[in-house]
Structure formats: C-alpha cells, structure tokens
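Structural overview
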Number of protein chains: 2
Amino acid sequence: MTNIRKIAQLAGVSVSTVSRVLNDHPYVIEEKRQKVLAAVKELNYIKNANAVYLSKGKTYCIGVVLPFLNLPYFGEILEGIAGEALKHGYHLKIFQTDYEKDAELDAFHRLQMKEVDGLIITSRANSLDTLHSFMEGLNVVFCENLHGVAKKVFINHYEAVRTGMDYLHSKGHTDIGLCLHRTFGTNSEERVRGFYDAAEAAGNEVREDWIFNECIHLKDGRDVVGQWEALKDKPSALIVTSDQVSAGIVSQAGRKGIVVPDELAILSFDNHPISDVFDITSFDMPIRQLGEEAFRLFFEEDHLSPVILETSLHERKTV
Amino acid sequence: MTNIRKIAQLAGVSVSTVSRVLNDHPYVIEEKRQKVLAAVKELNYIKNANAVYLSKGKTYCIGVVLPFLNLPYFGEILEGIAGEALKHGYHLKIFQTDYEKDAELDAFHRLQMKEVDGLIITSRANSLDTLHSFMEGLNVVFCENLHGVAKKVFINHYEAVRTGMDYLHSKGHTDIGLCLHRTFGTNSEERVRGFYDAAEAAGNEVREDWIFNECIHLKDGRDVVGQWEALKDKPSALIVTSDQVSAGIVSQAGRKGIVVPDELAILSFDNHPISDVFDITSFDMPIRQLGEEAFRLFFEEDHLSPVILETSLHERKTV
DNA sequence: GTGAAAGCGCTAACAG
DNA sequence: CTGTTAGCGCTTTCAC
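Here the structure is a predicted model, which means the values were calculated and not measured.

Judged by pairing direction, the sheet is mixed, and its eight strands sit side by side in the order β4(A)-β3(A)-β1(A)-β2(A)-β2(B)-β1(B)-β3(B)-β4(B) without closing on themselves. Of all strands in the sheet, those bounded by a partner on one side alone are β4 (140-142) of chain A together with β4 (140-142) of chain B. Here the strands of the sheet are splayed against their neighbours by 25° on average, with no regard to which way each runs. Pairing between strand β2 (residues 91-96) of chain A and strand β2 (residues 91-96) of chain B: three bridges, direction antiparallel. Following the sheet pairing, I94 of chain A is matched in β2 of chain B by L92 of chain B. Here helix α6 (residues 101-112) of chain A sits on the sheet and contacts β1 (61-66), β2, β3 (118-121) and β4 of chain A together with β2 of chain B; the angle it forms with β3 of chain A, its principal contact strand, is near 155°.

This is how it looks when you write it as structure tokens:
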C-alpha cells in the first residue's frame, strides 16, 4: 500500500506538506506542490478514506433509517436526501429496518460508533424513550412531530385529514372510513386524531370497524374492498393514506362493479403519479422536500426549529 | 473521548486484552473479562468504527451504484442486496448517479479509497473502457452481461424478448414496436438484439419509428400513446420494458378509447404488482433475486461464474 | 512556507 | 493466557 509517507519520501518533502497539497491548503510553494503531484502520479497514490475519517472524527456520511426500500414513499424521501447530501459532499448509508426494533437500534449504535455523522429517521419502530438514551449529543433528525425532539420535519397530517374530512362532508358524506399504513408512529396518530376531531366537529359517528390498518401495498387496496363489501354498514367514503392502496381499491372496485365515487368515494394521499393515472383525488405530499429538509436539519447544526410542510388537494374523480 | 486505552487502565489489563474481550476472542480468563466489561460499562465506552476499519483495512460496507432511487426496479434491487447484506453483517452505501458519468466515477473512487469494500453497479453510464482503469484488483459486480467482466449477474433479456416476440407472433401480430428505458447499456442492447433477431426470423419488418426510447415513468406511457396515435403506420403490439410505462399506456389508451388488446396489444416486463392491477401480461423479472445474487457475487470472493436469471411469462389481458 | 511529532483508536504478531 | 509493540494512514499543532 502506497501511503503519504512514501509520497513525501519520493517528493523529498515532509508528510505535512504532502497533506497540504492533497487538501488544497495554501502556503505551499509551487515547486514542491508539483513534486508532490508528480510523486502521487508516479506511485499511483490514492488516499485512504478511513484514515482521514479516523483522524478527522467525521465521515461525511449520513445514515438513513427506513423500513422498506421498495415503496415509492421512501424512494422519494431518499431522492430528496440524496440530492441535498450530494450538494454538500455527503454520502448516504442505508439502514433498512423492516420495522424490526433491533435493526433500528443497530443504526443508532453505528452513529455512536461514528460510522455516520448523523441519522435521519424516516419512520420509527422503537419508542422515543428507548431511543433517547442512544442519541445524547448526537445529530438525529426525525420525520415526524415528536415531542421532546429538537430536529424534526413533518407533513401536517392532522390538518390534511381535517381538510379532507371537511371536503368529504361538503360533498355530503357523513359515513367516512380510514385506511392507514399503521397505527404506531406520530404521523399515523396525527391522522387518526384529525379524523376523530373532524368527525366530532361535524357531529358524525366514527366506527372502529371503518378503520383499516396495515394498508401499504397495491394489493392491500384490493383486500380493503373485500372487507368493505363484507361490512353490514358501509362507509360511503374512505380516506386512504397512500396512493398505492387507493389505486388498488379503485381498480378492484372497477372489477367488482362498485361505482367510484357514487358508491364509494376515495380521498387519497401522496399525489404520486399513479393517482394521476387512476384519476384519484389526492393530497399532494411534498415527500421529496421532506427529504431535502431532513438533510438540511442535519447539516445546519444549530437549525433547531421544526419544519412543517403543508399539503394541497388535487381534485380528480374519486370524490 | 474514551478509548480502549482508558478501559485497559481502569480494568488493570493491557489494551490487547481489552481488544480480545471486545471481539469475543478466546483465551481471556473470566475474571479479567468481567473487569473489562465493568470498565466498559462504567466509562460508557463505545468502540470507534473508523479506527477498526483503518486497522483492518475493511469496512463491511458495500457501495451500490444506481441512477434513481424512486423507481420500483431499483427499490427492489436494493431490497435484495440489503437483505443478503444484512445476513453477513454488511451495510449499504448509496451512490445515486442520475446517469451522470462523474457521479458514477466518484463511486469507483470511493472504492479505491477503501471507503467501501466493493461496488454493485446496477446500471451504468460510463463505458467499460473508462471504468476498467478504476477497478483493477477491486471487487466490482455488474448487473449486466458485460464482456471482459468477471463478476456479473443479469436477467436473460435477449431470451425474454425473443420469447415475447414469438408469443406475439403466435397471436397473429406481425407489426410490433418496442418501448425501451434507454438504448445505452448491455441490457437494453440485448433486448434490441432479441427484438431484431425475432423479427428477422419471422420475416417481419422492423421500423425505426416503432422503437420508443426513454420510457421510464408512468407518464412516459401516456406520451407513447400520443406518439403511437400520430403514426401513419401503427404497430398492433408493443413490447414494453417496464410495467410502469405499460400501466401508463393502458390507462391512457382507456381514456382515448383505444381498445387493448384488440387495437393495441401490450406485452410488458417486470410483473410488478401494478401489472396485476392493470391486468397487464408481463414477464416476471426476478429483480429482488438479482440484488441477492449481486451481493453473493461480491461476497464470495472467488465466485467468478456469471449468474443468469430467467424470466417467465404471466399471461393476463393485454395481449 | 515547512517539518517534526503527537495524536486519532484499534488490531494483531510476537514473545513470554 | 497476557502484555508489549509496531503498525493502519492521515491531520494538525507548534516551532522554526
């Protein structure tokens, strides 16, 4: 392995001068600089990143914690983070958790070990209590409105659902159901809260069996239609927190001869391209921006005010 | 910063004993082991990953080069790689390229700097000639059938397209078009070759203006329909190399009143859940497996025989 | 402007 | 079983 010392030797200078040249520091006379450069070329020298990181105590790498990699939502967040990271010379390390608590804790451990300079938690499996002891003094950004956390960016899900409910009310719906990714996590809780608050404000009943959980993939939408059909009392509208699931619902409804929106209205979230294809009325979620802001929160060390992102409704044909 | 030396001091042993305990090496008397563990606990010691990596000359991290993060294809590959990597204690570093040559070269440079132990190239922007000089003696896996490359895993696109063409021929189609992601890259070239070979074998004409390029996203399918309509002589069937694009085509055809498959048949690739939703006849592509095999090629140092993955046709209703 | 030298924190060969 | 010691390769302070 050819190292900085060999370069110094061949160039007839000290290692510190080599280091200076390599890092574009000033105060190196042109003649020596050229000698160093020549030696680098001759010995085919390439600097060792780990040595740099150890010495600097920094890795210019940020860890991203996410449950799945094959979901558009997380793909889009990643794009946002990666784009912003690139601008600042940072790379991304992926910690896929499948919502396994241990896998998530591993990511925090890696942060403690200085394997990454920070962590962006896009979605979480452990309780905040558990995580707190792992993140003292460390740079961790959460993508949810978590109390007692300094760095956070989130979409205003509460407001979105309330707005959505009002929109459905205005269309004459009183019996409204909800399809959720999951119930754990602030984002989901906020949606549920908005759902209940809006129903109460409008004086409408909320039924537990109108809340569908674990709706994640396209095929889950299909299953929802089955469950909806089996209901004795059916909601006339569904708020669905993912366009993938909505697309599954709409397509399955089509097969079953269920008329959307007359028999079942769908109000969706994401405004992913697929909602356009299926003409699904959907809230635009600035997911990419969520990723970008998350990186900024990490990067600007003293950026401690939460970032709140708003949604906007795209009316199409399912309500 | 509390380091291994401090632990040794507090525990009254040498650093090597501490190291042994920390790495579960045998030959440490239980009493000392306990003392070390106690000291670790007391000082809240956490080992520094970069120091380990520098010392070992290994990072247990593999780099994945990909153009986009928000495409199902790459999400699925990532899942495959990540799943397999996890089993062997490896992490993933992402190098998103947007097909920018320099961004791709940066990944190779990081490999040279020992920032990652290897690289999986899921899709490539630079010529192999360019890359060759960056990968001597390094562990690089390609996801395409590249000549002069040892480690490679790929789907048999040539065979898939030929099979698909024969299938379309058997359904009476002679005028067949092709929708590609892009023309650069072995995978695309193989598909084009299969396309031409099959047409020639069947004695059918191939027209340049029946080949649509840059078809990547859902919306691109929509545009293809527009271009198809504008054609004086229209193909009666299209082979489309992405379910996303096919979904766009099918949905847009529906809006325009173009009857699928009677007026336009669609034979797609991926067998992604979306093809099920749209009843699209599609070749199942073992993409996740592609990722898994890619990691294995990396991991098994002397695993030098190429891995070829086959596709299988899922008949639905668009042909 | 430049170099010596002291880290950064851990691993592992070697001697005992 | 255990300790000494020499790295791994780079950065950075400090003195000249």
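Now, onward.
At the junction of the two partners, chain B supplies 44 residues and chain A supplies 44 residues. Of the roughly 4,000 Å² buried at the junction of chain B and chain A (both faces included), carbon and sulfur atoms supply 60%. Applying the counting rule to chain B against chain A returns four salt bridges. Taking the shortest distance from any N to any O, the salt bridge between D276 of chain B and R222 of chain A comes out at 3.3 Å. Applying the counting rule to chain B against chain A returns 20 residue pairs in polar contact (both at pLDDT 80 or more). Those elements that place two or more of their residues in the side of chain B that touches chain A are α4 (49-56), α5 (72-87), β2, α6 (101-112), α10 (218-230), α11 (243-256) and α12 (273-277) of chain B. Ranked by residue count, the leading element in the side of chain B that touches chain A is β2 of chain B, at six residues.

Looking now at the domain arrangement of chain A. Interface size is often expressed as the accessible area that is lost when the parts come together. Residue and element names in this part refer to chain A. What the domain assignment reports for chain A is domain 1 (4-47), domain 2 (56-155 + 288-310) and domain 3 (157-286). Here the C-alpha centre of domain 3 lies 28 Å away from the C-alpha centre of domain 2. Each partner contributes residues to the interface: domain 2 has 20 residues there, and domain 3 has 15 residues. Buried surface at the junction of domain 2 and domain 3, both sides included, amounts to about 1,400 Å², of which 55% is carbon and sulfur. At the junction of domain 2 with domain 3, the criterion picks out zero salt bridges. Remark: the boundary between domain 2 and domain 3 carries eight residue pairs in polar contact (both at pLDDT 80 or more). Every element with two or more residues in the side of domain 2 that touches domain 3 is listed here: β5 (153-155) and α13 (287-299). Counting residues per element, the side of domain 2 that touches domain 3 draws most heavily on α13, at three residues. In the side of domain 2 that touches domain 3, the residues fall into 11 nonpolar, five polar and four charged.

It is worth spelling out the side chain of T186 of chain A at this point. Residues and elements named next belong to chain A. As for its position among the elements, T186 is in helix α9 (residues 186-201). Relative accessible area serves as the criterion here: at 8%, T186 is assigned to the buried category. Contact partners of T186, with chain neighbours within four places excluded, come to R124, E144, N145 and L146.

Rotating chain B by 180° and moving it 0.0 Å along the rotation axis overlays it on chain A with an RMSD of 0.1 Å. A rotation of that kind, with that shift, is consistent with a two-fold axis. Identified as the residue of chain B closest to the rotation axis by C-alpha distance is K93 of chain B, at 2.2 Å. Residue by residue, 100% of the interface of chain B is reproduced at the interface of chain A, so both copies engage with the same surface.

Turning next to the protein's contact with DNA strand C. With respect to spatial proximity, 25 residues lie near DNA strand C, and among them T17 of chain A together with M1, I4, Y45 and S55 of chain B are the closest. Considering DNA strand C, the proportion of its atoms within 4 Å of the protein that are sugar or phosphate atoms stands at 67%. R20 of chain A has a polar side-chain atom sitting 2.7 Å from a base oxygen of DNA strand C. At the level of elements, α2 (15-22) and α4 (49-56) of chain A together with α2 (15-22) and α4 of chain B are the ones that each hand at least two residues to the surface near DNA strand C. When residues in the surface near DNA strand C are grouped by element, the largest group, four residues, is from α2 of chain A. A class-by-class count of the residues in the surface near DNA strand C yields 11 nonpolar, 10 polar and four charged.

The next thing to look at is the protein's contact with DNA strand D. In the neighbourhood of DNA strand D, 25 residues make up the surrounding shell, with I4, Y45 and S55 of chain A together with T17 and R20 of chain B lying closest. Each atom of DNA strand D within 4 Å of the protein was classed as base or backbone; sugar and phosphate made up 65%. Note that a phosphate oxygen of DNA strand D is positioned 3.4 Å from one of the side-chain N or O atoms of K47 of chain A. Between DNA strand D and N48 of chain A, the relevant distance is 3.4 Å, taken from a phosphate oxygen to a main-chain nitrogen or oxygen of the residue.

The next subject is the packing of α5 of chain B against helix α13 (residues 287-299) of chain B. Residues and elements named next belong to chain B. Direction vectors running N to C along α5 and α13 enclose 45°, while the axes themselves pass 7 Å from each other. It follows that α5 is oblique to α13 by the angle criterion. Regarding α5 and α13, the two cross each other, and that crossing is right-handed. Packed against α5, whose contacting residues are Y73, E76, I77, E79, G80, I81, E84 and A85, the element α13 presents I287, R288, L290, G291, E292, F295 and R296 at the interface.

Parameters and conventions
- Residues numbered from 1 in each chain as written.
- Chains lettered and ligands numbered in written order.
- Predicted model: local features only at pLDDT ≥ 70, side-chain atom pairs only at ≥ 80, totals over all residues.
- Heavy atoms only, no water.
- Pairing = 2+ DSSP bridges.
- Helix = DSSP H or I, 4+ residues; strand = E, 2+ residues; numbered from the N terminus.
- Axes fitted to C-alpha atoms, helices over the stretch in contact; angles between N-to-C directions.
- Contact = heavy atoms within 4.5 Å.
- Buried area = accessible area lost by both parts, 1.4 Å probe.
- Salt bridge = Lys/Arg side-chain N within 4 Å of Asp/Glu carboxyl O.
- Polar contact = N/O pair within 3.5 Å; in protein donor to acceptor, adjacent residues only side chain to side chain.
- Domains from an automatic or database assignment.
- Nonpolar A, V, L, I, M, F, W, Y, C, P; charged D, E, K, R; others polar.
- Buried < 20%, exposed > 50% of the residue type's maximum accessible area, 1.4 Å probe, protein only.
- Least-squares fit on C-alpha atoms with pLDDT ≥ 70 in both.
- Near = heavy atom within 4 Å.
- Parallel < 35°, antiparallel > 145°, perpendicular 65-115°, else oblique.
- Left-handed = near helix turned anticlockwise from the far one by under 90°.

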